[in-house]
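Fold and contact review
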Amino acid sequence: QVQLVESGGGLVQPGGSLRLSCAASGRIFSIDGMGWYRQAPGKQRELVAGATSGGSTNYADSVKGRFTISRDNAKNTVYLQMNSLKPEDTAVYYCNADVRLWNGVRDDYWGQGTQVTVSS
């Protein structure tokens, strides 16, 4: 009933920048938290950054000062601006949203993932 579509991944050199986008659509009444997670090969999925509808944000220590999460609540869209990228940022990045549907049901949704590769 809800789809999250991500875009913006790709290959970038160390020190470069990328901007990820994630748009939610479907029978959405409201979205509380939206966030980005990532999973590198052989590692567990980890939280990168999160943002509430009220504007509060939180970041993993490894990306503080380099990544910025933002939201456009009117468009049900969340962005992740990634600067000063490092090879260790290489992973599949997933969008997540805590959605309340029009029927009152609240559930957690995930995007399909977008690959980010940082390499020279």
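Report on the accompanying structure.

About the thresholds
Residues numbered from 1 in each chain as written. Predicted model: local features only at pLDDT ≥ 70, side-chain atom pairs only at ≥ 80, totals over all residues. Heavy atoms only, no water. Pairing = 2+ DSSP bridges. Helix = DSSP H or I, 4+ residues; strand = E, 2+ residues; numbered from the N terminus. Core = buried A, V, L, I, M, F, W, Y, C linked by side-chain atoms within 4.5 Å. Buried < 20%, exposed > 50% of the residue type's maximum accessible area, 1.4 Å probe, protein only. Disulfide = S-S within 2.5 Å. Axes fitted to C-alpha atoms, helices over the stretch in contact; angles between N-to-C directions.

With that out of the way, let us pick up the pairing of strand 3 (residues 18–26). One ladder, built from six bridges, connects strand 1 (residues 2–7) with strand 3; its direction is antiparallel. Directly across from Val 5, in strand 3, lies its bridge partner Ala 23. Where strand 3 meets strand 8 (residues 77–82), six bridges bridge the pair, whose relative direction is antiparallel. Bridge pairing links Arg 19 to Gln 81 in strand 8.

It is worth spelling out the nonpolar core at this point. Ranked by size, the top nonpolar core spans 32 residues in total, and within it Trp 36, Leu 80, Met 82 and Tyr 93 carry the most contacts. Looking at this core, the elements that each hand over two or more residues are strand 1, strand 3, strand 4 (28–39), strand 5 (46–51), strand 7 (67–72), strand 8, strand 9 (91–101) and strand 11 (114–118). If one sorts the elements of this core by residue count, strand 9 sits on top with six residues.

With that settled, consider the state of the cysteines. Taken as a whole and assessed by the stated rule, the structure comprises one disulfide. Paired by a disulfide, Cys 22 and Cys 95 hold their sulfur atoms 2.1 Å apart. For the disulfide bridge between Cys 22 and Cys 95, the dihedral angle about the S-S bond is near -80°, and by the sign convention the bridge is left-handed. With Cys 22 in strand 3 and Cys 95 in strand 9, this pair connects stretches of sequence that are 73 residues apart. Judged by its relative accessible area of 1%, Cys 22 is buried.

With that settled, the discussion passes to the sheet that holds strand 8. The strand order across the open sheet built from four strands is 1-3-8-7, with neighbouring strands paired in antiparallel fashion. The sheet is open, and its two edges are formed by strand 1 and strand 7, each paired on a single side. Neighbour-to-neighbour, the strand axes of the sheet open up by a mean angle of 15°, direction not taken into account.

Keep in mind that these numbers describe shape and distance, not what the molecule does.
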